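Inside the fold
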Amino acid sequence: MKLSPQDWYRTRTYLHFDLPISIKKASNIVPNPELVAKHAFYPLIHYEIELKKIGKHDITKKLIDLPVKSRPISYPAHIDSHIYSYYSKILNERYEEKIKVNDLSDSILAFRSLGKSNIDFALDAFNEVKKFGECCVVALDVSKFFTSLNHDHLKKEWCNLLLVDKLPKDHFNVYKSITKYSEVNKVDLYKLLNISLNYHNHKKRRVCEPIEFRDNVRKNKLIVTNKDDNGIPQGTPLSAMLSNMYMFDFDFAMKNFIEQCNGKYFRYCDDMLFIVPINKKIEVEAFATQEINKIGLSVNQKKTEIRTFTICEGKLTADKHLQYLGFMFDGENIYLRSSSLARYSVRMRRGVRLAKKTMLKYNNLRLASGNGERKLFKKKLYSRYTHLGKRNFITYGLRAAKTMDSPSIKRQLKPLFGRFNEELNKP
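Presented here is an overview of the structure given in this document. In this text, all values refer to a predicted model and were calculated from it rather than measured experimentally. (Residues numbered from 1 in each chain as written. Predicted model: local features only at pLDDT ≥ 70, side-chain atom pairs only at ≥ 80, totals over all residues. Heavy atoms only, no water.)

**Focus on the sheet that holds strand S6 (residues 264-268)**
Overall, antiparallel pairing links the 5 strands, which are arranged S6-S7-S3-S8-S9 in an open sheet. Bordering the open sheet on either side are S6 and strand S9 (315-318), each of which pairs with just one other strand. Within this sheet the neighbouring strands show an average axis-to-axis angle of 15 degrees, counted without direction. As paired elements, strand S8 (residues 305-312) and S9 share 4 bridges and run antiparallel to each other. Paired with Ile311 across the two strands is Leu316, which belongs to S9. (Pairing = 2+ DSSP bridges. Helix = DSSP H or I, 4+ residues; strand = E, 2+ residues; numbered from the N terminus. Axes fitted to C-alpha atoms, helices over the stretch in contact; angles between N-to-C directions.)

Spelled out as structure tokens, the structure:
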């Protein structure tokens with residue numbers, strides 16, 4: 001299979017242990033199986049994103065702060081990232097053929113070039129519920145998905161996809177690098193090398209020279225290697241492809257089982273949705289749990305949702321809102337999740353207040369040096385927190401309202417501009 005460099009090469013300028021590499025130089029290395037088989041991969045640079053969660057109190061129904069959730073992100077060195085991207089493309093070509101032959105294309109939603117977004121996927125699922133009428137929806141989530149992927153099962157699926165009994169040397173080296181990966185904590189690394197975490201000066205093109213890597217990074221034992229038999233890093237160009245490939249046996253078993261139940265199956269990464277007749281809900285949950293355990297994963301019971309839709313006075317009604325991909329559905333209306341609206345409000349207020357504090361700080365400095373005060377820079381705030389911006393929560397919500405033809409989402413968004421102006425005009 002021949003791929004052109006444009007299929008896998010992406011310009012990357014972030015700081016890492018190696019220098020950014022040109023498309024010409026990368027093209028001499030990446031497609032060469034012999035060079036890839038011998039390639040020594042650098043450690044990944046690792047950091048964590050803290051996601052603040054907001055929910056409702058079970059009794060008072062008031063919004064409360066939930067425990068902060070950390071999402072680990074690891075990114076590879078420049079040449080390594082091109083290799084991962086290249087092998088991801090190779091595997092993806094075969095994967096797309098395989099799921100097409102096995103009639104799974106409509107069930108697997110994430111990490112594929114389908115020209116659709118979460119909005120479209122959620123709408124498709126809700127429309128399926130409407131089409132079914134009275135039915136049950138079982139929503140399951142996998143616990144610690146990427147960190148739980150079993151290496152032996154991953155290798156087996158990799159071989160199956162290539163139609164081989166043993167991985168070729170180049171593929172095996174890539175497999176080894178992504179399973180027995182090593183990584184360095186970004187905060188500790190930057191502290192050791194005296195680099196600011198907010199460093200944006202493009203004059204510096206790598207975090208350190210090879211001699212510094214050996215004498216400082218390695219000697220100070222910053223490199224940590226995954227010695228477990230499970231887990232792959234989240235954030236490399238290959239990780240998403242491997243997660244889909246890993247789930248093939250499960251997807252195949254669930255698709256056939258759900259079709260026997262006259263139902264519909266969707267999976268978006270580790271979020272699974274089964275639309276089935278009401279009398280099949282317990283059977284479906286049990287079978288899905290059994291199949292997910294077979295491939296070394298487990299269902300997160302805390303996130304399991306079972307919703308029953310019935311027709312009452314000619315209207316389809318849910319016993320409780322179905323939540324899927326950031327939206328809620330009651331059988332007739334689609335809404336944005338209340339926690340998403342609450343998070344927007346918290347971020348908006350913090351952003352406006354920070355902008356005001358920054359303005360006061362610099363105005364005090366200007367007055368002290370004999371210069372006049374400046375007004376608050378509002379353009380960035382309007383761009384970030386209102387419909388006047390291009391890519392923010394409000395514009396996303398408006399796009400969802402239009403795509404889903406949802407007056408209920410428009411009603412949810414309507415008061416937010418007033419709240420923004422209210423916060424902006426506070427003294």
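**Focus on the pairing of strand S7 (residues 271-276)**
Taken across its 6 residues, S7 has 5 buried, putting it largely inside the fold. Bridge count between strand S3 (residues 135-141) and S7: 6 bridges; the pairing is antiparallel. Within S7, the residue paired with Leu140 across the bridge is Met272. Bridge count for S6 against S7 is 5 bridges, and the pairing is antiparallel. From the neighbouring strand, Arg267 faces S7, where its bridge partner is Met272. What sits between the antiparallel neighbours S6 and S7 is a turn of 2 residues, in which Cys269 has the positive phi angle 60 degrees. (Buried < 20%, exposed > 50% of the residue type's maximum accessible area, 1.4 Å probe, protein only.)

**Looking at the packing of aromatic side chains**
For the structure shown, the criterion picks out 24 aromatic pairs. When the centroid spacing of 4.8 Å and the interplanar angle of 20 degrees are considered together, the rings of Phe126 and Phe329 count as stacked. With a gap of 203 residues between them, Phe126 in helix H5 (residues 118-132) and Phe329 in strand S11 (residues 327-329) connect regions that are remote in the sequence. The pair formed by Phe126 and Phe329 is uniform in burial state, with each residue classed as buried. (Phe/Tyr/Trp six-rings, centres within 6.5 Å; stacked < 30°, edge-to-face > 60°.)

**Focus on the sheet that holds S11**
One open sheet accounts for 3 strands, arranged S10-S11-S12; its pairing is antiparallel. Strands at the two margins of the open sheet, each flanked by one partner only, are strand S10 (322-324) and strand S12 (334-336). Pairs of neighbouring strands in the sheet enclose a mean axial angle of 30 degrees, with direction left out of account. Two strands pair when backbone bridges link them, and S10 and S11 are joined in this way by 3 bridges, in the antiparallel orientation.

**Quick look at the packing of helix H4 (residues 78-101) against helix H8 (residues 169-179)**
Viewed as axis vectors pointing N to C, H4 and H8 meet at an angle of 115 degrees, and their least axial separation amounts to 11 Å. Read as a crossing pair, H4 and H8 show a hand that is left-handed. Contact residues: H4 offers Ile83, Tyr84, Tyr87, Ile90 and Leu91, while H8 offers Asp170, His171, Val174, Ser177 and Ile178. Of the residues belonging to the contact of H4 with H8, the class tally is 7 nonpolar, 2 polar and 1 charged. (Left-handed = near helix turned anticlockwise from the far one by under 90°. Contact = heavy atoms within 4.5 Å. Nonpolar A, V, L, I, M, F, W, Y, C, P; charged D, E, K, R; others polar.)

**Some points on the environment of Leu325**
Looking at where Leu325 falls in the secondary structure, it is placed in the loop between S10 and S11. With a relative accessible area of 13%, Leu325 lands in the buried category. C-alpha of Leu325 to C-alpha of Lys255: the two residues are 70 residues apart in sequence and 20 Å apart in space.

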